[in-house]
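Read off the chains here:
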Number of protein chains: 2
Amino acid sequence: MSAVSAPAPVRRVAIELGERSYPIDVGNGLLGQAATWSALPQASCALIVTNDVVGPLYGGRMAEVLRTRYRQVHTVVLPDGEQHKDWQTLNLIFDALLRHACDRQTVIVALGGGVVGDMAGFAAASYMRGVPFVQVPTTLLAQVDSSVGGKTAINHPLGKNMIGAFYQPQQVVCDLDTLQTLPARELSAGLAEVIKYGPILDMEFLAWIEGNIDALMARDPAALAHAVVRSCELKAWVVGQDERESGLRAILNFGHTFGHAIEAGLGYGAWLHGEAVGCGMVMAALLSQRLGGVDAAFVRRLHDLIRKAGLPVKGPRLGAERYLELMRVDKKAQAGEIKFVVIDRPGHASVTGAPDALVRDVIEQCCE
Amino acid sequence: MSAVSAPAPVRRVAIELGERSYPIDVGNGLLGQAATWSALPQASCALIVTNDVVGPLYGGRMAEVLRTRYRQVHTVVLPDGEQHKDWQTLNLIFDALLRHACDRQTVIVALGGGVVGDMAGFAAASYMRGVPFVQVPTTLLAQVDSSVGGKTAINHPLGKNMIGAFYQPQQVVCDLDTLQTLPARELSAGLAEVIKYGPILDMEFLAWIEGNIDALMARDPAALAHAVVRSCELKAWVVGQDERESGLRAILNFGHTFGHAIEAGLGYGAWLHGEAVGCGMVMAALLSQRLGGVDAAFVRRLHDLIRKAGLPVKGPRLGAERYLELMRVDKKAQAGEIKFVVIDRPGHASVTGAPDALVRDVIEQCCE
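Since the structure is predicted, the reported quantities are computational estimates derived from the model, not experimental observations. Each residue is numbered by its place in its chain's sequence as written, counting from 1. As they are written, the chains are lettered A onward and the ligands numbered 1 onward, keeping that order. With pLDDT at 70 or above as the cut-off, local features in this predicted model cover only qualifying residues; side-chain atom pairs require 80 or more to be listed or tallied, and sums for whole chains, interfaces and linings still use all residues. Water and hydrogen atoms were dropped before computing side-chain values, which therefore reflect all heavy atoms in the structure.

Q: Quick one: what's the story with the relation of the copies chain B and chain A, residue by residue and with numbers?
A: In the superposition of chain B on chain A (RMSD 0.0 Å, axial shift 0.0 Å), the rotation amounts to 180 degrees. The transformation relating the two chain copies, once decomposed into turn and shift, fits a two-fold axis. Comparing contact sets, 100% of the residues at the interface of chain B also lie at the interface in chain A, consistent with an isologous, same-surface contact. When the copies are superposed, the least-squares fit takes in the C-alpha atoms of residues with a pLDDT of at least 70 in both. In what follows, a contact means two residues having at least one pair of non-hydrogen atoms within 4.5 Å.

Laid out in structure tokens, this is it:
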């Protein structure tokens, strides 16, 4: 293990959404400290939703600390993986809630990565038409992206995240210690979403990531703390202006139109979401260049950083037509026209259509 | 057929919920008139959700008029009945939306009774995290209750309406003509929810219903128009003050705690929801008397009106303990304490707990 810096102090990012505002706390060892949870709502019951990988690592500690606040603390353990982000698995949460006669004050705690957060969040949004909800993201991807902003969903055989809700948590707790147990592949997947914020919003942050990519890959706590805090700040700024994705918020999907096609084309779970987004950003950068927003050097720079983060930079050969077909059912599509997030100048993004021929060309060039 | 009055003029009730405000139009023959739909949002696609009873009667006319506004108009026909208000049936809607590549501007139109409205509404709330939604209630119960106020849900084997969302429609259209084809049993079920508004909010309206119960049972258009409009006004007033049922709104569940136990105890679909609520109101009135809110004459008056509306006034013999057990998992229960809506003085209701012994006594007295 490489030499790492001392634990960073606890930092708080505020998500400002009027009566739906909430704090994100970022720091080391937060999960097991009673003080972390002192603002949670009163209730008689809490339900921890986790998976069979994270549960054994942190479920016991989480349950113990919640028992100081709630008379009943139950845990439901979901199978791990995007391929289980479906109704059958979601229903395990409802079964547990009803079996334990959990009332509508029950606090649902999502302990795990993006899949756990999406499912626990949608369960919280839907159980008795809405119960309080807390996110404890244990992956880098969930800490910097999926646990911020209130998007929850499950997949449908015909499309990813097609069934869900906008539903804000009461609190998000990013315990950086949990990143030390993360598999290398998932660390890289999380870095994809960290990198994303640079080209669309903050070129200074992009330069910082380039200068600290080795420290991030070595899980240096101070570097991880800055990456998580800055990513959450940038996402908070966007979500605060457009909670329900009617405009600006769509730029957070940079790389996701191509990425979702990769995930759907290979079958959910073959590539991690962050891996597909990493590769999708290379494709979206090339499309941005072809549309005149950035130059070849910019594309090369992003390509190299994504590669250094341990992410794929070449797409799978699904065939250009299959990519187009899959992208036409993307949620951002309108009346069958595919919408792409492109960089129109470094640090600034917009949503646009593009001629099929040009998109085909970009796909051919980016697939091995 | 008895002599009936002339069609009533179109009347509009405004539901005031800030940016989620919407109108309820009440009148004869509205469904097939293009003018009724002139304020609907622009989109390329509309999906009519109906059932196998209402679809054959009004689905064709509805599709025809929507085709003047939307390029694609699809219809999904659900099996009729409360026993189908589950995930499997809900998924038929998602399947249709995705099979037709419907985008997130798609307008979902619920054409049917409360079950269709609840399912189409929850599908609209959840598809791509929310698409526009219109209610065209074709039963009296849906016109006066379930289509007003944004409650949507499906059932779970362990509880009714346990999974859902608060989600407001863009518009509600109550075409009184559809009530002429309603089975007698469903007309009575709807009258239960009309009667409900009297004891909890408006004794003048209760007196009006008593004076017009024969006209209502004979489906006189002017009488039905007044019953629908006044019910919607009263519900709008309550929902406008408490959209998410954190307080006042709970009084609309008068009769529902006992009613839900009857429905769950007999198996969903054995009694209609309105039948269970009718009987539940008799039980709740007796409980109110025992708690000192009303006198025996008031209970007798409500009992007689419910009977005249063709509704059951005696509960099924499930046993008092089974009633209590079923009511403890009701959404209104808190930490296992059952909450009842009681009349604390004529025209005024509140939510309260009650000693088990007293509730047992009321159940014994009201069951045959």
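Q: Quick rundown of the packing of aromatic side chains? Include the residues and the values.
A: Describing an aromatic ring pair means giving the distance of the ring centres and the angle of the ring planes. Here a pair means two rings of Phe, Tyr or Trp (six-membered ring of Trp) with centres within 6.5 Å. Their orientation is stacked below 30 degrees between planes, edge-to-face above 60, and tilted elsewhere. One pass over the full model with this rule turns up 7 aromatic pairs over all chains. Taking the centre distance of 3.4 Å and the plane angle of 0 degrees together, the rings of tryptophan 87 of chain A and tryptophan 87 of chain B count as stacked. Residue tryptophan 87 of chain A is found in helix 2 (residues 87–99), and its partner tryptophan 87 of chain B is found in helix 2 (residues 87–99); the two belong to separate chains. Geometrically, the ring pair formed by phenylalanine 258 of chain B and phenylalanine 340 of chain B is tilted, given 5.2 Å between the ring centres and 35 degrees between the ring planes. Here a helix means four or more residues in a row that DSSP labels H or I, a strand means two or more in a row labelled E, and each is numbered from the N terminus.

Q: Quick one: what's the story with the environment of phenylalanine 254 of chain A, residue by residue and with numbers?
A: Residue and element names in this part refer to chain A. By the element assignment, phenylalanine 254 lies in the loop between helix 7 (221–241) and helix 8 (256–266). Note on phenylalanine 254: relative accessible area 0%, which makes it buried. Here the alpha-carbon distance between phenylalanine 254 and cysteine 366, two residues 112 residues apart in the chain, equals 16 Å. If we skip the residues at most four places from it in the chain, phenylalanine 254 touches Lys196, Pro199, Ile200, Val277, Met281, Ala284, Ala285, Leu302, Val341 and Ile343. Each residue's exposure class comes from its accessible area (1.4 Å probe, protein chains only) as a fraction of the maximum for that residue type: buried when under 20%, exposed when over 50%, partly exposed otherwise.

Q: I'd like a rundown of the sheet that holds strand 3 (residues 45–51) of chain B, residues and numbers included.
A: Residues and elements named next belong to chain B. Read across the open sheet, the 7 strands follow the order 1-2-9-6-5-3-4; overall the sheet is mixed. Since the sheet does not close on itself, it has two edges, and those belong to strand 1 (11–15) and strand 4 (72–78), each with one partner. Ignoring which end each strand starts from, the neighbouring axes of this sheet average 15 degrees apart. Inspection of the sheet shows strand 2 (residues 22–27) paired to strand 9 (residues 171–175) by 4 bridges, in the parallel sense. If you follow valine 26 over to strand 9, its bridge partner there is cysteine 174. Helix-sheet contacts for helix 1 (residues 54–66) involve strand 3, strand 4, strand 5 (107–112) and strand 6 (133–137), and the interaxial angle to strand 3 is about 170 degrees. Interaxial angle, 0 to 180 degrees, is taken between N-to-C directions of lines fitted to C-alpha atoms, where a helix line uses only the stretch in contact. Here helix 3 (residues 114–126) sits on the sheet and contacts strand 3, strand 4, strand 5 and strand 6; the angle it forms with strand 5, its principal contact strand, is near 170 degrees. Here a strand pair is declared whenever DSSP counts at least two bridges between the two strands.

Q: Just give me the short version of the domain arrangement of chain A, but keep the residues and values in it.
A: Residues and elements named next belong to chain A. Segment limits for the domains were obtained from an automatic or database-derived domain assignment. Each assigned domain of chain A is listed here: domain 1 (11–181) and domain 2 (184–366). Relative placement of domain 1 and domain 2: their C-alpha centres are 26 Å apart. Facing the 35 residues of domain 1 at the interface are 36 residues of domain 2. Carbon and sulfur atoms make up 63% of the surface buried where domain 1 meets domain 2, a total of about 3,000 Å² over both sides. The buried area of a pairing is the accessible area, by a 1.4 Å probe, that goes missing from both parts when the two are put together, added over both. It is Leu140, Val144 and Lys160 that lose the most area in domain 1 upon contact with domain 2, and together they represent 20% of the buried surface on that side.

Q: Now, about the pairing of strand 4 of chain B: what can you tell me, with residues and values included?
A: The pairing of strand 3 of chain B with strand 4 of chain B spans 7 bridges and is classified as parallel. Paired with valine 49 of chain B across the bridge in strand 4 of chain B is valine 76 of chain B.

Q: Please give an account of unusual backbone geometry that cites residues and values.
A: All names here are of chain B. Backbone geometry at arginine 129 places phi at a positive 65 degrees, although glycine is not the residue there. The residue arginine 129 is located in the loop between helix 3 and strand 6 in this model. Unusually for a residue other than glycine, asparagine 161 sits at a positive phi of about 55 degrees. Judged by its relative accessible area of 9%, asparagine 161 is buried.

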